[in-house]
Amino acid sequence: MNKKKKPFLGMPAPLGYVPGLGRGATGFTTRSDIGPARDANDPVDDRHAPPGKRTVGDQMKKNQAADDDDEDLNDTNYDEFNGYAGSLFSSGPYEKDDEEADAIYAALDKRMDERRKERREQREKEEIEKYRMERPKIQQQFSDLKRKLAEVTEEEWLSIPEVGDARNKRQRNPRYEKLTPVPDSFFAKHLQTGENHTSVDPRQTQFGGLNTPYPGGLNTPYPGGMTPGLMTPGTGELDMRKIGQARNTLMDMRLSQVSDSVSGQTVVDPKGYLTDLNSMIPTHGGDINDIKKARLLLKSVRETNPHHPPAWIASARLEEVTGKLQVARNLIMKGTEMCPKSEDVWLEAARLQPGDTAKAVVAQAVRHLPQSVRIYIRAAELETDIRAKKRVLRKALEHVPNSVRLWKAAVELEEPEDARIMLSRAVECCPTSVELWLALARLETYENARKVLNKARENIPTDRHIWITAAKLEEANGNTQMVEKIIDRAITSLRANGVEINREQWIQDAEECDRAGSVATCQAVMRAVIGIGIEEEDRKHTWMEDADSCVAHNALECARAIYAYALQVFPSKKSVWLRAAYFEKNHGTRESLEALLQRAVAHCPKAEVLWLMGAKSKWLAGDVPAARSILALAFQANPNSEEIWLAAVKLESENNEYERARRLLAKARSSAPTARVFMKSVKLEWVLGNITAAQELCEEALRHYEGFPKLWMMKGQIEEQEELMEKARDAYNQGLKKCPHSTPLWLLLSRLEEKIGQLTRARAILEKSRLKNPKNPGLWLESVRLEYRAGLKNIANTLMAKALQECPNSGILWSEAIFLEARPQRKTKSVDALKKCEHDPHVLLAVAKLFWSERKITKAREWFHRTVKIDSDLGDAWAFFYKFELQHGTEQEEVRKRCENAEPRHGELWCAVSKDIANWQRKIGEILMLVAGRIKNAF
């Protein structure tokens, strides 16, 4: 049967097989083949159809949607301009030409989109910003309140009541459950109490049952007996003891698991083990269980490896910490027996033992370790008598003659003469110790010290300190010409012996020489090593940094040596001469500064600033003729130099030589006419009271330099001083036609109108000025102050908001905005100001004033220091600082001196006083006191 069975029967039909097709039996389709008509909700034949296709209705909708995709060419779907709504050729074949056309159109669309992209993104960004401004997030609206949350303490936070807490009092204030550990005696007592009820009374078994105490009771049918379930396995004490035994057994098992029973040696890392144990050792009075655990583990370590010194030391220290000093001593002595060659164990034993016993322990230690330096040092420390200490150390040196530490300890106890003898022996025993050689050289005479240092160089040819000490020795004995030779020879010798010359180390040695007073050695070292290891193009930059570093380390001679060397290499560099001059001005004497400036102008005769510094130095010293001669030489080197002309005029006017000053200015106007020369000429006549001459000079100057705004300002101010308001207004208006971008001119005109009561006109002038000079913080500030002075605080606040939008990084606006706020909001505003202008001196000054107003004296002083450090040219900061110190401190003189050295020139209040005609001859210190006197504490 199996042989006749066809092999393909039972196998699946091949793909695409249609029964009967090969023999032409295709037949026809009837209703019985396709099935009966179906309802829309009938399920389809496919049992695994996806959702949306599981009913006959879903399939029909899909087919209908596919038919609707065909083009609708009805007249109702036609538009005269756009044509048919759909694509006319969507049903046609998609050929290569169509693909190319689509690619071209896509490229065009992309190109057009890129052209509009930046504009579109900018518009979207502006729309988002506008939306955010109109509808800020809740987070932004409460940002200032959130900042104040940083000041809320934990107690205040916890004391805030919960809103809407409807629970009762017991739920709101739950009482924490108190758990008290029950002692073992409690369990033992109750277990013993329970044993009284484990047997039946004999009287009850006499009648074969239990007698009920009530009449008419029933006798129980069961005889009484021992209840087997009530007997405990033992008393409570037995149970507690078994628990303890089980715990000890478990610990023993764990400890035995980590030991090697074959070799008898531990397989635990003893150092790591003891490190863990140290963290477990509690202080005295700690948890007793932790102490017991640590003690047990240490005992295991000692038994496992008894020749491991740290185990004995840790065990002794544990007992010492827990107050069992005698046990600690016994343990450490046992440790010395087990580890007689361990220095640390003997030293620990000596530490734990009392005085005499400690000496005996150390003596025993010396017998076991005769070469141990630390034990000898400990033995010397235990002795109280100097002679006994010397005896111990000399005995030690007999056994260990090559120990530098022992020699140093022994020498320190001796008198200078004995010390010198000992050191001569020490350098024989320890010829490689630089410290011993140098110490011996210090104690010897000059000639012997030279011999000692020569021997030291022979024994240690690679150490630079010996050479530097030799140079210092020569300098100390007046032999300065040898210093340079010694240092040069040192560099050559060290290089010959293969020593790398480390420039940083040598500079540090030079700074140490400077601090020790060895100036010639310091300068020689600097000259020798300053150029080592530096590329030629980096020399100037590196040397200037080195000089600044030396100044920061207070090594002034080192810095002076660097500048001197740099000036030899770069004799025509004006910047190097200037830095050297400023260094001498700040840290040197007047004579050293003048000597340097004389050399400077010889090498750089065209550097006007160097001539002027020299002349000013002479003038400040009171030597006016010398200052005049310097300026005369400067004229020869720089003919027709405006700076030198004006310096000569200032010199004469400050010394009340007004006629000489006039002649100089007249000569300058004829030979080197500039706007500044004319301005100084006008000012000189103005301050001397010659108003007519000043006006004539001003008119002459304006004919030549009508674009110089300071001349128009002076003309208007002179007219204003003479109470000629109309002429002053005309002068300012004419000046603004020529100089529309001059902020001070706009301010002067506005203040003039405000002064004569024309507030509306002043406001209009400021608005016009802001249109011509956008993003000008000075004009915005004046507008805000104008409204504030007029009492219109709301308008002032509105203007300030606009000003900060236009000039968001203006420190002078932020500083004013802080004090426009009410007191509670000032701190928040100051935080915002510091975020925008972190290093602006006006903002820092405003914060200092804020702390001053809150009477936080220390913080205010700190911020004042920060302000004058970041901008020493701001006179207002110095004035406020001086006023603050007058009221709350004692450093007002120091502030005044620092201000005089800084010579500030700017600041609103400062300029109002310093540029006043009445104060034209006042010094910096006098101006400082005048400005401080005008400051009121109403901020």
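- The protein chain has the name Pre-mRNA-processing factor 6 in an unreviewed UniProt entry, where Carlito syrichta is given as its organism.
- Regarding the protein chain, the UniProt comment filed under Function (unreviewed entry) reads as follows: "Involved in pre-mRNA splicing as component of the U4/U6-U5 tri-snRNP complex, one of the building blocks of the spliceosome. Enhances dihydrotestosterone-induced transactivation activity of AR, as well as dexamethasone-induced transactivation activity of NR3C1, but does not affect estrogen-induced transactivation."

**Notes on helix 13 (residues 309-321)**
Right, on to step 1. Under the 1.5 Å per step criterion, the end-to-end length of helix 13 is 19 Å for 13 residues, consistent within 8% with the ideal 18 Å.
Right, on to step 2. Those residues of helix 13 that sit buried are Ala311, Trp312, Ile313, Ala314, Ser315, Ala316, Leu318 and Glu319.
Right, on to step 3. Looking one or two residues past helix 13, Gly323 carries a phi angle of roughly 90°, positive in sign.

**Some remarks on the packing of helix 44 (residues 823-836) against helix 45 (residues 841-853)**
Right, on to step 1. Close contact between helix 44 and helix 45 brings their axes to 10 Å; oriented N to C, the two are set at 155°. In terms of orientation, helix 44 lies roughly antiparallel with respect to helix 45. Like other packed secondary-structure pairs, helix 44 and helix 45 cross with a definite hand, here left-handed. Residues Arg823, Arg826, Lys827, Ser830, Ala833 and Leu834 of helix 44 pack against Val843, Leu844, Val847, Leu850 and Ser853 of helix 45.
Right, on to step 2. Taken together, the residues that form the contact of helix 44 with helix 45 break down as 6 nonpolar, 2 polar and 3 charged.

**What about the side chain of Asp876?**
Right, on to step 1. With respect to the element layout, Asp876 can be found in helix 47 (residues 875-888).
Right, on to step 2. Although buried, Asp876 forms no salt bridge, and the nearest oppositely charged side chain, Arg785, lies 7.5 Å from it.
Right, on to step 3. Among residues more than four places away in sequence, those in contact with Asp876 are Leu845, His906, Gly907, Glu908, Leu909 and Trp910.

**As for the pattern of salt bridges**
Right, on to step 1. A complete count under the given rule lists 26 salt bridges for this structure.
Right, on to step 2. Residue Arg351 is joined to Glu348 by a salt bridge in which the shortest nitrogen-to-oxygen separation is 2.5 Å. On the criterion of helical spacing, the pair formed by Arg351 and Glu348 is a turn pair, its members being 3 residues apart in helix 15 (residues 343-352).
Right, on to step 3. Judged by its relative accessible area of 39%, Arg351 is partly exposed.
Right, on to step 4. A salt bridge links Glu816 to Arg785, with the shortest nitrogen-to-oxygen separation between them at 3.1 Å. Here Glu816, found in helix 43 (residues 811-820), pairs with Arg785, found in helix 41 (residues 777-789); they are 31 residues apart in sequence, far enough to count as distant.
Right, on to step 5. On the basis of relative accessible area, Glu816 is assigned to the partly exposed category, the value being 21%.
Right, on to step 6. Taking the relative accessible area as the measure of exposure, Arg785 reaches 19% and is therefore buried.
Right, on to step 7. Among the ionic contacts, a cluster of salt bridges with common partners joins Arg317, Glu320, Glu348 and Arg351.

**Considerations on the packing of helix 37 (residues 709-721) against helix 38 (residues 725-738)**
Right, on to step 1. Contact geometry of helix 37 with helix 38 gives a least axis separation of 7 Å together with a crossing angle of 170°. The angle between the axes of helix 37 and helix 38 places the two elements in the roughly antiparallel class. Contacts between helix 37 and helix 38 involve Trp712, Met713, Lys715, Gly716, Gln717, Glu719 and Glu720 from the first element and Met725, Lys727, Ala728, Ala731, Tyr732, Gln734, Gly735 and Lys738 from the second.
Right, on to step 2. Broken down by class, the residue content of the contact of helix 37 with helix 38 amounts to 6 nonpolar, 4 polar and 5 charged.

**A short note on a nonpolar patch on the surface**
Right, on to step 1. On the surface, Leu149, Val152, Trp157, Leu158 and Ile160 cluster together into a nonpolar patch covering about 520 Å² of accessible area.
Right, on to step 2. In this fold, Val152 is placed in the loop between helix 5 (143-148) and helix 6 (154-158).
Right, on to step 3. Taking relative accessible area as the criterion, Val152 reaches 31% and is therefore assigned partly exposed.

**Here's the deal with the nonpolar core**
Right, on to step 1. By size, the foremost hydrophobic cluster in this structure holds 79 residues, and its most contacted members are Trp506, Met526, Val529, Trp543 and Leu610.
Right, on to step 2. In this view, Met526 contacts Ile507, Ala510, Cys550, Cys558, Ala561 and Ile562; residues no more than four positions away in its chain are not counted.
Right, on to step 3. Ranked by size, the runner-up nonpolar core spans 33 residues in total, among them Met714, Ala728, Leu736 and Cys739.

Cut-offs used in this document
- Residues numbered from 1 in each chain as written.
- Predicted model: local features only at pLDDT ≥ 70, side-chain atom pairs only at ≥ 80, totals over all residues.
- Heavy atoms only, no water.
- UniProt positions renumbered as here; feature names shortened; annotations may be inferred.
- Helix = DSSP H or I, 4+ residues; strand = E, 2+ residues; numbered from the N terminus.
- Expected span 1.5 Å × (residues − 1).
- Buried < 20%, exposed > 50% of the residue type's maximum accessible area, 1.4 Å probe, protein only.
- Axes fitted to C-alpha atoms, helices over the stretch in contact; angles between N-to-C directions.
- Parallel < 35°, antiparallel > 145°, perpendicular 65-115°, else oblique.
- Left-handed = near helix turned anticlockwise from the far one by under 90°.
- Contact = heavy atoms within 4.5 Å.
- Nonpolar A, V, L, I, M, F, W, Y, C, P; charged D, E, K, R; others polar.
- Lys, Arg positive; Asp, Glu negative; His and termini not counted.
- Salt bridge = Lys/Arg side-chain N within 4 Å of Asp/Glu carboxyl O.
- Patch = residues over 30% accessible without salt bridge, like charges linked within 9 Å, V, L, I, M, F, W, Y side chains within 5 Å.
- Areas by Shrake-Rupley, 256 points an atom, 1.4 Å probe, with all protein chains shown as cover.
- Core = buried A, V, L, I, M, F, W, Y, C linked by side-chain atoms within 4.5 Å.

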